[in-house]
Protein chains: 2
Amino acid sequence: MKHDDQNNYMAQALAEAKNAAKRGEIPVGVIIVDSTTGKIIASKGNATEAENDPSAHAEILVLRSACAIKGTPRLPECDLYVTLEPCPMCASAISFARIRRIYFGAYDPKGGGIEHGAKIFSHTTCHHRPEVYGGIREQECAKLLKDFFKDKR
Amino acid sequence: MKHDDQNNYMAQALAEAKNAAKRGEIPVGVIIVDSTTGKIIASKGNATEAENDPSAHAEILVLRSACAIKGTPRLPECDLYVTLEPCPMCASAISFARIRRIYFGAYDPKGGGIEHGAKIFSHTTCHHRPEVYGGIREQECAKLLKDFFKDKR
């Protein structure tokens, strides 16, 4: 895995986040990559408002989509790129799906569930801990969220 | 809320759990009740295997269904009855949905995320903490799970 690849994959997640903002959703975007082929399997943005669904975070939607495409609830050969540190709900779902690696952009001290708060992967009851890499294109990912909330006020 | 009502509502969740077992799914069942009317809005059982979806726990499915019926991602007037202590993913989703009260059956030291493990509602970053009542029809709920896993071996 080259540094350039990580940046390019996060650019795709950022594109999904920007599309989410245009739809009035909190701008978080995510893609799932098959590490054996390097191909993007699925990509999603946040859709909690459009779908009236509190569980419709980008990560839940992309896991559902990738699992449907692969025909299995487990994706041990896949990596996930997301613009914001996942919340506890999404971190748990990512663990259940056996995702190999998580690359995230901005850290989220208020809502994050990996480095902050519930720290989902730090408990002995967590059966699968993906490798975690934070801060990929951090400034761009954070700015997108900051600008979105500034415009909302 | 009378003690009898709680037992009757949990009987409905148990019926969903039994149906899940018949489909080969881990037997967890859940209902959502509108506390203002006492009516059951939605009821679901686990469907992770059938749907190839690691997020298709009964609680996620019932929240999605109840929110769709109500046309809102937030259900502050609703209570949730579930046969097993929710996992961290489901506990977080229940918090996001602003559910008023959780009544659960069996405690889950291995996978639970309320009284065990990540203890989702115990962090300052958790914005909404439902009232939690555990151990409703505990023996029946636990036996259903024990029998299911015994048959699997």
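Let us look at the structure shown here. Bear in mind the structure is a predicted one, so any value in this text is a computation, not a measurement.

Time to look at the sheet that holds strand 1 (residues 29-34) of chain A. Residues and elements named next belong to chain A. Pairing within the open sheet is mixed, and its five strands lie in the order 2-1-3-4-5. Pairing within the sheet leaves two strands with one partner each, and these edge strands are strand 2 (40-45) and strand 5 (131-133). The average angle at which neighbouring strand axes cross in this sheet is 15 degrees, direction not considered. When strand 3 (residues 78-84) meets strand 4 (residues 101-106), the two strands line up parallel, connected through five bridges. Looking at the pairing, Tyr81 lines up with Tyr103 of strand 4. Those strands touched by helix 2 (residues 58-70) are strand 1, strand 2 and strand 3, and its axis lies near 150 degrees from that of strand 2.

What follows covers the sheet that holds strand 3 (residues 78-84) of chain B. Residue and element names in this part refer to chain B. Strands sit in the order 2-1-3-4-5 across an open sheet of five strands; the sheet is mixed. Looking at strand neighbours, the two that pair on one side only are strand 2 (40-45) and strand 5 (131-133), the edges of this open sheet. Averaged over all adjacent pairs, the angle separating strand axes in this sheet is 15 degrees, with direction ignored. Sitting on the sheet, helix 4 (residues 138-152) touches strand 3 and strand 4 (101-106), and the angle it makes with strand 4 is about 60 degrees.

Core analysis: the largest hydrophobic core is formed by 90 residues, its most contacted members being Ile32(A), Leu80(A), Ile32(B) and Leu80(B). Ignoring any residue separated from it by four or fewer positions in sequence, one finds Leu80(B) in contact with Val30(B), Ile31(B), Ile32(B), Val62(B), Leu63(B), Ile94(B), Ile99(B), Arg101(B), Ile102(B) and Tyr103(B).

Not every positive phi belongs to a glycine, and Arg98(A) is a case in point at roughly 60 degrees. Residue position: Arg98(A) is located in the loop between helix 3 (88-96) and strand 4. Judged by its relative accessible area of 31%, Arg98(A) is partly exposed. The backbone phi angle of Arg137(B) is positive, close to 50 degrees, even though this residue is not glycine. Tracing the backbone shows Arg137(B) in the loop between strand 5 and helix 4.

It is worth spelling out the pairing of strand 3 of chain B at this point. Residues and elements named next belong to chain B. When you tally the buried positions in strand 3, you get seven out of seven residues, the bulk of the element. As paired strands, strand 1 (residues 29-34) and strand 3 are joined by five bridges and run antiparallel to one another. Bridge pairing links Ile31 to Tyr81 in strand 3. Note on the crossover from strand 3 through helix 3 (residues 88-96) to strand 4: the handedness is right-handed.

Right, let's talk about the state of the cysteines for a bit. All chains considered together, the criterion is met by zero disulfides over all chains. This cysteine, Cys78(A), is not joined by any disulfide, and Cys67(A) carries the nearest cysteine sulfur, 8.3 Å off. Free cysteine Cys141(B): the closest other cysteine sulfur is in Cys90(B), separated by 15 Å. Taking relative accessible area as the criterion, Cys141(B) reaches 1% and is therefore assigned buried.

Right, let's get into the packing of aromatic side chains. Residue and element names in this part refer to chain A. Considering all chains together, one arrives at ten aromatic pairs over all chains under this definition. Ring centres of Phe104 and Tyr107 lie 4.9 Å apart, and the angle between their planes is 80 degrees; this geometry places the pair in the edge-to-face category. Joined through ring pairs, the aromatic side chains of Tyr9, Tyr81, Tyr103 and Tyr133 make up one cluster.

What counts as what
Residues numbered from 1 in each chain as written. Chains lettered and ligands numbered in written order. Predicted model: local features only at pLDDT ≥ 70, side-chain atom pairs only at ≥ 80, totals over all residues. Heavy atoms only, no water. Pairing = 2+ DSSP bridges. Helix = DSSP H or I, 4+ residues; strand = E, 2+ residues; numbered from the N terminus. Axes fitted to C-alpha atoms, helices over the stretch in contact; angles between N-to-C directions. Contact = heavy atoms within 4.5 Å. Core = buried A, V, L, I, M, F, W, Y, C linked by side-chain atoms within 4.5 Å. Buried < 20%, exposed > 50% of the residue type's maximum accessible area, 1.4 Å probe, protein only. Right-handed = clockwise from strand over helix to strand, strands pointing away. Disulfide = S-S within 2.5 Å. Phe/Tyr/Trp six-rings, centres within 6.5 Å; stacked < 30°, edge-to-face > 60°.

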